[in-house]
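# Overview (structure and organization)
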Amino acid sequence: ALSVSQKVNIVAGVDTAQPVTVNFYHATLDQALDWILTPLGLAWYFDGEVYQVMTASDRDALTRPLKHHVFRPDYMSATELEKFLTQFLSPRGRIVLGEAPDRSTPTGGDDAGGLSSTQPETLIVIDEQARIDLMAATVADLDKRPKQVLVEATILEVTLDETNSFAVDIKAVF
């Protein structure tokens, strides 16, 4: 009665135990469906001919399909990168971490050591495209060549004799 007399839209929440009659004024069908279904955890999808009512997660799967992206970090380990990217996952997203190649030390004449796998460390993200784009930007910021310092040193040889005098042969340095 309040909705009719005031010509306003009133939608009761899910917790009400009383039956509710709803009148919509100046509302589109899309708005009315949102107002009714959202408090119930439901959503709708219109395929051009039929309005389908479904759970919100089913609609997300239908309208925002999951994509995958392969990350092969150059300077970080895939395990370390996984810790950062996990923070950006949607509830439907997941990360698949490839095994790190083994680095071994030679133990016998036949074993040369080194990497036992030719594959680089790999991390695959399966998620919505917007989340993957955010992760790709983050990886570009994080996976950079570390700053390094080049140190050059010259070693001089000093010879002492019995008189405790010493000399430096500068010619040997150059």
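Structure report, in brief.

## With respect to the overall build of the protein chain
Helix and strand counts for the protein chain stand at six helices and nine strands. Burial analysis of the protein chain (174 residues in total) assigns 17% to the buried set. Sequence separation of 24 or more characterises 49% of the internal contacts of the protein chain that already satisfy a separation of 6 or more. Accessible area for the protein chain stands at about 13500 Å²; split by element, carbon and sulfur atoms hold 54% of it.

## What to know about the pairing of strand β2 (residues 51–55)
Both strand β1 (residues 42–46) and β2 contribute to a ladder of five bridges, which runs antiparallel. Residue pairing in the sheet places A43 in a bridge with M54 of β2. In this structure, the hairpin formed by β1 and β2 is closed by a connection of four residues, where G48 is found at a positive phi of approximately 105°.

## So, the side chain of T122
Mapped onto the elements, T122 comes out in the loop between β6 (114–115) and β7 (123–127). Residues within four places of T122 in sequence aside, it is in contact with V70, F71, R72, A78, V96, L97 and G98.

## Comments concerning a nonpolar patch on the surface
There is a patch of nonpolar side chains on the surface, built from L29, F46 and Y51 and spanning about 270 Å² of accessible area. For L29, the position within the fold is in helix α2 (residues 29–37).

## Considering the packing of aromatic side chains
Summed over the entire model, instances satisfying the criterion amount to two aromatic pairs. Geometrically, the ring pair formed by W44 and Y51 is tilted, given 5.5 Å between the ring centres and 50° between the ring planes. A residue is classified by how much of its surface remains accessible, and Y51, at 35% relative accessible area, is partly exposed. Members of the aromatic cluster, each reached through a chain of ring pairs, are W44, F46 and Y51.

## Some details on the packing of helix α4 (residues 78–85) against helix α5 (residues 129–142)
Two numbers describe how α4 lies on α5: the axes approach to 11 Å, and their chain directions differ by 130°. Compared by their axis directions, α4 and α5 come out oblique. Judged by the twist between their axes, the crossing of α4 over α5 is right-handed. In contact with L81, F84 and L85 of α4, α5 contributes M135, V139 and L142. Looking at the contact of α4 with α5 residue by residue, the class counts come to six nonpolar, no polar and no charged.

## Some points on the environment of L33
Position of L33 relative to the elements: it lies in helix α2. For the pair L33 and W44, spaced eleven residues apart in sequence, the C-alpha to C-alpha distance is 7.3 Å. Excluding anything up to four places from it in sequence, L33 contacts T38, W44 and Y51.

So, how was this worked out
- Residues numbered from 1 in each chain as written.
- Predicted model: local features only at pLDDT ≥ 70, side-chain atom pairs only at ≥ 80, totals over all residues.
- Heavy atoms only, no water.
- Helix = DSSP H or I, 4+ residues; strand = E, 2+ residues; numbered from the N terminus.
- Buried < 20%, exposed > 50% of the residue type's maximum accessible area, 1.4 Å probe, protein only.
- Contact = heavy atoms within 4.5 Å.
- Areas by Shrake-Rupley, 256 points an atom, 1.4 Å probe, with all protein chains shown as cover.
- Pairing = 2+ DSSP bridges.
- Patch = residues over 30% accessible without salt bridge, like charges linked within 9 Å, V, L, I, M, F, W, Y side chains within 5 Å.
- Salt bridge = Lys/Arg side-chain N within 4 Å of Asp/Glu carboxyl O.
- Phe/Tyr/Trp six-rings, centres within 6.5 Å; stacked < 30°, edge-to-face > 60°.
- Axes fitted to C-alpha atoms, helices over the stretch in contact; angles between N-to-C directions.
- Parallel < 35°, antiparallel > 145°, perpendicular 65-115°, else oblique.
- Left-handed = near helix turned anticlockwise from the far one by under 90°.
- Nonpolar A, V, L, I, M, F, W, Y, C, P; charged D, E, K, R; others polar.

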